[in-house]
Amino acid sequence: MNHLPLQGLFYFYVAAEAGSFKLAAERLFITPAAMSQQIRQLEEKLDIKLFERHHREVRLTEAGRQLLPYVQTSFNALQDGVNLLGQDPDPTKLAISTLPSFAQQWLVPRLGNFSKVAPDLTILTMPLDRLVDFRVDPIDLCIRFGLGNYQGLQSELLMKDRLYPVCHPLYLESHPISTLSDVTQYDLIEDARPDMNWHYWLDLAGVKKSAIKPSLSYTGVHLVLEGALAVQGIALVRHSVAAKYIKQGLLVQIGNVEVESTFHYFLCAPEPFYKRDKVQRFVRWIKAEAEQFLNDHPMPEGNRLVYSEIKPTKGC
């Protein structure tokens, strides 16, 4: 073997972690056929089979399992070295990853303002539910919703969020609500994520309740919002993604008790990435936007309740 097939080994590394040629191809922005071809060429070069192919997944062979930790260590070390240099592979493109709900409801409607102050930059927004792997994903900065403790990354607080119940005006017309206790009698919509919990919220709000069971449970606040907009019931929502619907009259906030979320929005990236000029410009801009948003939508006086019973998790 004259030289190491670095490209094939890198594709092997990504495919092994993804457990799927299709998912690996999506992460590298190539076609599944191109991914499969690279792996096949690597196997021919090494004269050994690295994957067992199945219908919707691939599994490492014994040889693949033996090789993987060495490949992981090597590419992680290379990435650490590159990160220390802080070099920007494309100074004219800013790639941002965040949750689909935050991208759709909060970030994208404001990005036009950033384009005006940074016309020299092409902005790529990648809505992802999964956490970004900066060793593989071509991302400059990510915005996550959690506790800010992301291993190997520098996290900076962007803004806090709060939770409260909302429903469609038509639902309110047919389901009279005079006190917060009344909501327990009707259809409750809940996000399956850990801090979007009706039981905790009602306890903190001081609402006496019998046993309640949400009628509908979705994974993702954007789906919870869609349920409320479809007049399905009363939804527990995050202010950051619900505020515009309330302003437009499409949703109605019930009561004025709001609970501060356990999780907050954080800007996250390897420490050297913050030295990039385009990242510094974006960080200054988005922090100003977040501050303006919070100033425009202050929490009702005397109703700043904070979750204390939820066990911390990694967030999202």
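Up top you'll find the structure we're talking about.
Now for a look at the structure at hand. Just so it is clear, the structure is predicted and the values come from calculations on it, not from any experiment.

## Some words on the pairing of strand β3 (residues 93-98)
Phase 1: The buried fraction of β3 amounts to five of the six residues, a majority that puts the element mostly inside the structure.
Phase 2: Note: β3 against strand β4 (residues 122-127), six bridges, orientation parallel. Across the sheet, S97 pairs through a bridge with M126, a residue of β4.

## Concerning the nonpolar core
Phase 1: F102, L107, I143, L158, F282 and I286 are the most contacted members of the largest nonpolar core, which has 39 residues in total.
Phase 2: Breaking this core down by element, the ones donating at least two residues are β3, α5 (100-117), β5 (141-146), β6 (154-167), β11 (258-269) and α10 (277-296).
Phase 3: In terms of nonpolar packing, the next biggest core, distinct from the first, is built from 32 residues, L163, Y171, A228 and L251 among them.

## Section: α5
Phase 1: The terminal C-alpha atoms of α5, which comprises 18 residues, lie 24 Å apart, in line with the 26 Å expected from a rise of 1.5 Å per residue.
Phase 2: Along α5, the largest kink reaches about 50 degrees and is centred on L107; proline P109 follows within four residues of it.
Phase 3: Among the residues of α5, those classed as buried are S101, F102, A103, Q105, W106, L107, R110, L111 and F114.

## Looking at helix α2 (residues 21-28)
Phase 1: Among the residues of α2, F21, A24, A25, R27 and L28 are the ones counted as buried. Buried residues in α2, looked at end-on, bunch into an arc of 160 degrees, giving them a common side.
Phase 2: Between the side-chain oxygen at the start of α2 and the backbone nitrogen of K22 there is a gap of 3.2 Å, and the oxygen is on S20.
Phase 3: F29 occupies a position one or two residues after α2 and carries a positive phi of about 60 degrees.

## Overview of the pattern of salt bridges
Phase 1: Scanning the model with the defined rule gives 15 salt bridges in all.
Phase 2: Linking K160 and E260 is a salt bridge whose minimum nitrogen-to-oxygen distance equals 4.0 Å. Of this pair, K160 sits in strand β6 while E260 sits in strand β11; the two residues are 100 residues apart in sequence, bridging distant segments of the chain.
Phase 3: Ionic pairing is found between E258 and R162, a salt bridge with its closest N-O pair at 2.2 Å. Placement of E258 in strand β11 and of R162 in strand β6 is noted, with a sequence separation of 96 residues between them. Judged on exposure class, the residue E258 and its partner R162 are both buried.
Phase 4: Counted as one network, the salt bridges with shared partners bring together R27, D133 and D137.

Calculation rules
Residues numbered from 1 in each chain as written. Predicted model: local features only at pLDDT ≥ 70, side-chain atom pairs only at ≥ 80, totals over all residues. Heavy atoms only, no water. Buried < 20%, exposed > 50% of the residue type's maximum accessible area, 1.4 Å probe, protein only. Helix = DSSP H or I, 4+ residues; strand = E, 2+ residues; numbered from the N terminus. Pairing = 2+ DSSP bridges. Core = buried A, V, L, I, M, F, W, Y, C linked by side-chain atoms within 4.5 Å. Expected span 1.5 Å × (residues − 1). Bend = angle between axes of the 7 residues up to and from the residue. Arc of directions from axis to C-beta. Polar contact = N/O pair within 3.5 Å; in protein donor to acceptor, adjacent residues only side chain to side chain. Salt bridge = Lys/Arg side-chain N within 4 Å of Asp/Glu carboxyl O.

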